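Understanding the architecture of this molecule
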Amino acid sequence: MPFLAEGRNAIQAGMQIQAQAFGALLRYQIEGLAFLKRRYEQDAKLAEELAASEEMKDAFDILSTFAQNAASDYAGEASRLASLGSRLASEAAKQAHKDAATIAGDMAAQTAA
């Protein structure tokens, strides 16, 4: 039955797409959790430094530095996520192109036979 090879390749291509989507989801979650861990550690450090500060000026400097670092961290994380998304989309497009070429080749071979 000539259609079995194409069907098997189409199913494999569909499974490959699902696996890539699942992998991408996990990568985003790993990145997000790593970022939150770093930010929560900074939050805890802020509380410790504020508790240890003895003057209002010290507390203001601590809060100012914290806000600057947090803004920089969030901007950096947004950049990392955009880069990750771009890379994952590129990988998915390459795999889809490869799968489509394989299926088209198999169909052409079956048609010629």
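Going by the structure above, here's the rest.
Everything in this summary refers to the structure shown in the same document. (Residues numbered from 1 in each chain as written. Predicted model: local features only at pLDDT ≥ 70, side-chain atom pairs only at ≥ 80, totals over all residues. Heavy atoms only, no water.)

1. Things to note about the overall build of the protein chain
When helices and strands are tallied, the protein chain shows 2 helices and 0 strands. In the protein chain, which comprises 113 residues, the proportion classed as buried is 17%. Taking the intrachain contacts of the protein chain between residues at least 6 apart in sequence as the baseline, contacts between residues at least 24 apart amount to 76%. Accessible area for the protein chain stands at about 8200 Å²; split by element, carbon and sulfur atoms hold 64% of it. (Helix = DSSP H or I, 4+ residues; strand = E, 2+ residues; numbered from the N terminus. Buried < 20%, exposed > 50% of the residue type's maximum accessible area, 1.4 Å probe, protein only. Contact = heavy atoms within 4.5 Å. Areas by Shrake-Rupley, 256 points an atom, 1.4 Å probe, with all protein chains shown as cover.)

2. A few points about the packing of aromatic side chains
Taken as a whole, this structure holds 1 aromatic pair when the rule is applied. Geometrically, the ring pair formed by Phe 35 and Tyr 74 is edge-to-face, given 5.0 Å between the ring centres and 75° between the ring planes. Of the two residues, Phe 35 is situated in helix 1 (residues 3-52) and Tyr 74 in helix 2 (residues 56-112); the sequence distance between them amounts to 39 residues. Taking relative accessible area as the criterion, Phe 35 reaches 6% and is therefore assigned buried. (Phe/Tyr/Trp six-rings, centres within 6.5 Å; stacked < 30°, edge-to-face > 60°.)

3. Describing the environment of Ala 93
Positionally, Ala 93 belongs in helix 2. Along the sequence, Ala 93 and Ile 17 sit 76 residues apart, while their C-alpha atoms lie 9.7 Å from each other.

4. Regarding the pattern of salt bridges
Inspection of every chain in the model, using the stated rule, returns 10 salt bridges. A salt bridge links Arg 80 to Glu 31, with the nearest nitrogen and oxygen atoms 3.2 Å apart. In this pair, Arg 80 is assigned in helix 2 and Glu 31 in helix 1, connecting sequence segments 49 residues apart. Here Arg 80 falls in the partly exposed class, since its relative accessible area comes to 38%. Here Glu 49 ties to Lys 45 by a salt bridge, and the two come within 3.9 Å at their closest N and O atoms. Taken as a pair, Glu 49 and Lys 45 lie in helix 1 at a separation of 4 residues, close to a single helical turn. Look at Lys 45 and you get partly exposed, because its relative accessible area is 41%. (Salt bridge = Lys/Arg side-chain N within 4 Å of Asp/Glu carboxyl O.)

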